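A closer look at the structure
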Amino acid sequence: MDTASTPTPDTRFRVSPQAVTRLEEIVAAEPAPEGAAAPGLRVSVLAGGCNGFQYSFALDGERRADDVLIPAGQSHVVVDPSSMDLLDGAELHFNDSLMGAHFTIRNPNATSSCGCGTSFSID
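Residues numbered from 1 in each chain as written. Predicted model: local features only at pLDDT ≥ 70, side-chain atom pairs only at ≥ 80, totals over all residues. Heavy atoms only, no water.

1. Quick notes on the pairing of strand 4 (residues 68-72)
Put simply, the test is: When a residue's accessible area, from a 1.4 Å probe over protein chains only, is under 20% of the maximum for its type it is buried; when over 50% it is exposed; and in between it is partly exposed. Only runs of H or I of at least four residues qualify as helices and only runs of E of at least two qualify as strands under DSSP, and these elements are numbered from the N terminus. Criterion used throughout: strands pair if DSSP finds at least two bridges between them.
What you see with strand 4 is a clean split: Val68, Ile70 and Ala72 sit on the buried side and Leu69 and Pro71 on the side with no burial. Pairing geometry for strand 4 and strand 5 (residues 75-79), over five bridges, is antiparallel. The residue of strand 5 that forms the bridge with Ala72 is Ser75. The turn joining strand 4 and strand 5, which pair antiparallel and follow one another in sequence, is formed by two residues; a positive phi near 65° is taken by Gly73.

This is the structure:
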C-alpha cells in the first residue's frame, strides 16, 4: 500500500493513509439507511476556538452543490468552499497515540495552534 498521501485533481487538500483507514472503519460501522448516500467525513473550519479558527469533523450523508468531494479509499471527505480556502495545502490525518485517537489537520497555513490541535490562527 502506498503510504504517501496525494492531492486530488480538484484540490490540494490531502487525506493520509491513516485517515483513509480510520474513515473506512467508521463508515463501515455506520452504514447509510437504505436508499441514502453513504456518509463521508465533513471537514469544516469554523470561527472560534482559542486561536480564531477551529476544525470540525462530522459524518455527513448530505451534499451541497458547491461541496468539494475528496476520495478517501472506499469513502470520501466533504469540504465546503470557504473551509477549503483555509485548508489549501493541508492534510487530514488520524493520530492514534497514548494521548488518544483523533482526526487532526496538518495545516501549513496555520501560524499557531492550541495544544489539542483543534484550533489555529492564520496571520
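So that's the structure; there's more coming.
2. Focus: the side chain of His93
Convention followed: Here, two residues are considered to be in contact whenever any of their heavy atoms come within 4.5 Å of each other.
Note that His93 resides in strand 6 (residues 91-97). The residues contacting His93, other than those within four sequence positions of it, are Ser16, Gln18, Ala19, His102, Phe103, Thr104 and Arg106.

3. With respect to the sheet that holds strand 1 (residues 14-15)
Threshold: A fitted line through C-alpha atoms serves as each axis, taken over the contacting stretch for helices, and the angle formed by two N-to-C directions is quoted from 0 to 180°.
Within the open sheet, the three strands sit side by side as 1-6-7. Their pairing is mixed. A strand with exactly one partner marks an edge of an open sheet, and here the two such strands are strand 1 and strand 7 (100-106). Note that strand 1 and strand 6 share two bridges and pair parallel. Of the residues in strand 6, the one forming a bridge with Val15 is Leu92. Sheet strands touched by helix 1 (residues 17-29): strand 1, strand 6 and strand 7. Its angle to strand 6, the strand with the most contacts, is close to 75°.

4. Overview of the pattern of salt bridges
Going by this rule: The salt bridge definition used is simple: a Lys or Arg side-chain nitrogen within 4 Å of an Asp or Glu carboxyl oxygen.
Under the criterion given, the structure shown has five salt bridges. The shortest N-O distance in the salt bridge between Arg106 and Glu91 comes to 2.8 Å. Taken together, the positions of Arg106 in strand 7 and Glu91 in strand 6 put the pair 15 residues apart, joining distant regions of the chain. For Glu91, a relative accessible area of 10% gives the class buried. When salt bridges that share partners are traced, they join Arg42, Asp60 and Asp67 into one network.

5. Notes on the environment of Asp80
How we decide: Think of a polar contact as two N or O atoms within 3.5 Å of one another; within protein, one of them needs to be a possible hydrogen donor and the other a possible acceptor, and neighboring residues in sequence only count if both atoms come from side chains.
Here Asp80 lies in the loop between strand 5 and helix 2 (81-87). Asp80 sits in the buried class, given a relative accessible area of 16%. Taking C-alpha positions, Asp80 is 4.7 Å from Asp67, a pair spaced 13 residues apart along the chain. Beyond its immediate stretch of four places on either side in the chain, Asp80 contacts Arg42, Val43, Ser44 and Asp67. Polar contacts involving the side chain of Asp80 include one to the side chain of Ser83, which spans 2.8 Å.

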